[in-house]
Amino acid sequence: HKAEAAAGVAIRHSETQDHKIEGILDFALIAATQSVLDGGAPMTLPVRAIKNTDRTIGAMLSGKIAKRYGHAGLPEGAITIPLTGCAGQSFGAFLAHGVTLDLEGAANDYVGKGLSGGTIIVRPPSGSTLKSEENIIAGNTVLYGAIAGQAYLRGVAGERFAVRNSGATAVVEGVGDHGCEYMTGGCVVVIGETGRNFAAGMSGGVAYVYDEAGDFNKRLNHGMVELEPLSDDEDSGDTSDLLRFDGARIRALLAAHAKLTGSKRAEALLADWAKIKSKFVKVMPVDYRAALMNRRASGGR
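These numbers come from a predicted model, not from an experiment. (Residues numbered from 1 in each chain as written. Predicted model: local features only at pLDDT ≥ 70, side-chain atom pairs only at ≥ 80, totals over all residues. Heavy atoms only, no water.)

Undergrad: I keep staring at the pairing of strand β3 (residues 79–87) and nothing clicks. Help me out?
TA: The side chains of a regular strand alternate between the sheet's two faces. Two strands pair when backbone bridges link them, and strand β1 (residues 43–44) and β3 are joined in this way by two bridges, in the parallel orientation. Each residue of the ladder has a partner; that of Met43, found in β3, is Ile79. Taken together, the three bridges between strand β2 (residues 48–50) and β3 define a ladder with parallel strand orientation. Within β3, the position partnered with Ile50 by the bridge is Gly85. Following the backbone out of β2, through helix α3 (residues 59–69) and into the adjacent parallel β3, one traces a crossover that is right-handed. With nine bridges connecting them, β3 and strand β4 (residues 99–107) associate as parallel partners. What sits directly across from Thr80, in β4, is Thr100. (Pairing = 2+ DSSP bridges. Helix = DSSP H or I, 4+ residues; strand = E, 2+ residues; numbered from the N terminus. Right-handed = clockwise from strand over helix to strand, strands pointing away.)

This is the structure:
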C-alpha cells in the first residue's frame, strides 16, 4: 500500500538541508593546522575556548588526517590543541594519531569515543582547590569503542568508563558503575574509587585499581576476570607484556599522568611507591590470560 501524500508534501529528496555546521570549531582547527596536514613541522595552537555546544571536537580534523594518511595518522606530537572550558559530548571522538587535545576544564559524555591513536588530556582549571579524586571531570561512557591512543583524566569519570575499549591506554582518578564493561583490550589505571559491577563482560586487556580501602573485590564482577597481585618484577622490560612488568607499567603511566595533568595524587603515589604498591590490584580476564600464556609457550609474545 502506498499512502497518498498531501498536496505540497514531497516523497523524495527535493531540497538542500542546512545543517548549520560551517561555524563549528573543527573547521577552524583544520584551517589552523593545514601546514601540518600538508607535511609541515609540528605545531601547538594558541589556547582556544570551548563550550558545551562544541561537540565531537577533533573528529572532522581526524577525518582529514585519516583520508590522507590512513590509520597511521601523523607523527607523535604533530598537533597539540590546548583548550579551556567545558567541552560538549564526544570530545576527541575518533581522534587520530599525532593529535593531542589538552583541555583545562571538564567534558561531557563520550570523551574519546572511538579514540584512534590520539591523546586526550582533561584537567581542572588552573588554581582549582578541589581534590581531583573527589570531583567529576568527565561524563559517562568515556572511551567507548576506543581502539588506540591515550587518555589522562585528572578527576573522576562517570559510568561505563572504557566500555568496549579495545586498545587505548587510560589513567583516571575514579570511575562510576560498570567500569571497563565489555573491554577487549588496552590498559586502564584507576587511582581512586570505583563504582559497582567493575569489569562486567571484560574479555581482554588489563586494569589496575588502587584499592586503598581493600574492598574493591566487593564491587568487581567476577564473571570473566580474576584479581591478581602485581608481578614481582620491577624492571622496566617489555611493558607490552601484560603478564609481567606490572609495577613498571603503572609507574610509567602515573609519571605520564602527573606530567601531563599536574596530578598531585599521581605524584604522591609515585613518591610513596614502595609502601603503596601492594594496594594496587590487577584485573585480568581469565581466558585472555590463558591466551597470552599459550602464545608465549608457542614462542610468540
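From this point on, the discussion continues.
Undergrad: Would you explain the packing of helix α4 (residues 246–261) against helix α5 (residues 264–271) in this entry?
TA: A pair of packed helices is characterised by two quantities: the angle between their axes and the separation of those axes. Close contact between α4 and α5 brings their axes to 8 Å; oriented N to C, the two are set at 140 degrees. Seen from above, α4 lies across α5 with left-handed handedness. In contact with Arg251, Leu254, Ala255, His257 and Ala258 of α4, α5 contributes Ala266, Glu267, Leu269 and Leu270. Of the residues that constitute the contact of α4 with α5, the class distribution is six nonpolar, one polar and two charged. (Axes fitted to C-alpha atoms, helices over the stretch in contact; angles between N-to-C directions. Left-handed = near helix turned anticlockwise from the far one by under 90°. Contact = heavy atoms within 4.5 Å. Nonpolar A, V, L, I, M, F, W, Y, C, P; charged D, E, K, R; others polar.)

Undergrad: I tried to follow the pairing of strand β11 (residues 204–210) on my own but got confused; where do I start?
TA: For β11, the tally of buried residues reaches seven of seven residues, placing the bulk of the element in the interior. As paired strands, strand β10 (residues 184–190) and β11 are joined by five bridges and run parallel to one another. Within the sheet, the bridge partner assigned to Val189 lies in β11 and is Tyr208. (Buried < 20%, exposed > 50% of the residue type's maximum accessible area, 1.4 Å probe, protein only.)

Undergrad: It is not clear to me how the layout of surface pockets should be interpreted in this structure. Could you clarify?
TA: The calculated volume of the second largest pocket comes to roughly 150 Å³. If you go around the second largest pocket, the residues you meet are Pro124, Pro125, Ser126, Gly127, Ser128, Leu130, Lys131, Ser132, Glu133, Arg154, Lys264 and Arg265. (1 Å grid on protein atoms, 1.4 Å probe; cavity = no way out; pocket = protein on both sides within 12 Å on 5 of 7 lines; lining within 4 Å. Points joined across faces, edges and corners; volume = space filled by probe spheres on them.)

Undergrad: Got a minute to help me understand the side chain of Asp54 in this structure?
TA: With respect to the helices and strands, Asp54 occurs in the loop between β2 and α3. Residue classification places Asp54 among the buried residues on the basis of a relative accessible area of 11%. Setting aside residues up to four positions removed in sequence, Asp54 forms contacts with Leu25, Ala49, Ala87 and Gly88.

Undergrad: Mind showing me how you'd approach helix α7 (residues 286–297) here?
TA: Residues that lie three or four places apart on an α-helix share one face, since the helix turns once every 3.6 residues. Helix length check: α7, at 12 residues, gives a terminal C-alpha distance of 17 Å against a target of 16 Å (1.5 Å per residue), a fit within 8%. After α7 finishes, the residue Gly299 shows a positive phi value of roughly 95 degrees. (Expected span 1.5 Å × (residues − 1).)

Undergrad: What exactly am I supposed to notice about the environment of Val190 here?
TA: Along the polypeptide, Val190 turns up in strand β10. A relative accessible area of 0% places Val190 in the buried class. Beyond its immediate stretch of four places on either side in the chain, Val190 contacts Val172, Gly174, Val175, Phe198, Tyr208, Val209 and Tyr210.

Undergrad: Explanation requested: empty space enclosed by the protein in the structure shown.
TA: Within the structure shown, the criterion is met by one cavity of 30 Å³ or more. Around the largest cavity sit Gly192, Glu193, Thr194, Val209, Tyr210, Asp211, Glu212, Ala213, Asp215, Arg219 and Arg265, which together line it. Within the lining of the largest cavity, the residues separate by chemical class into three nonpolar, two polar and six charged.

By themselves, these are just geometric observations and shouldn't be taken as functional.
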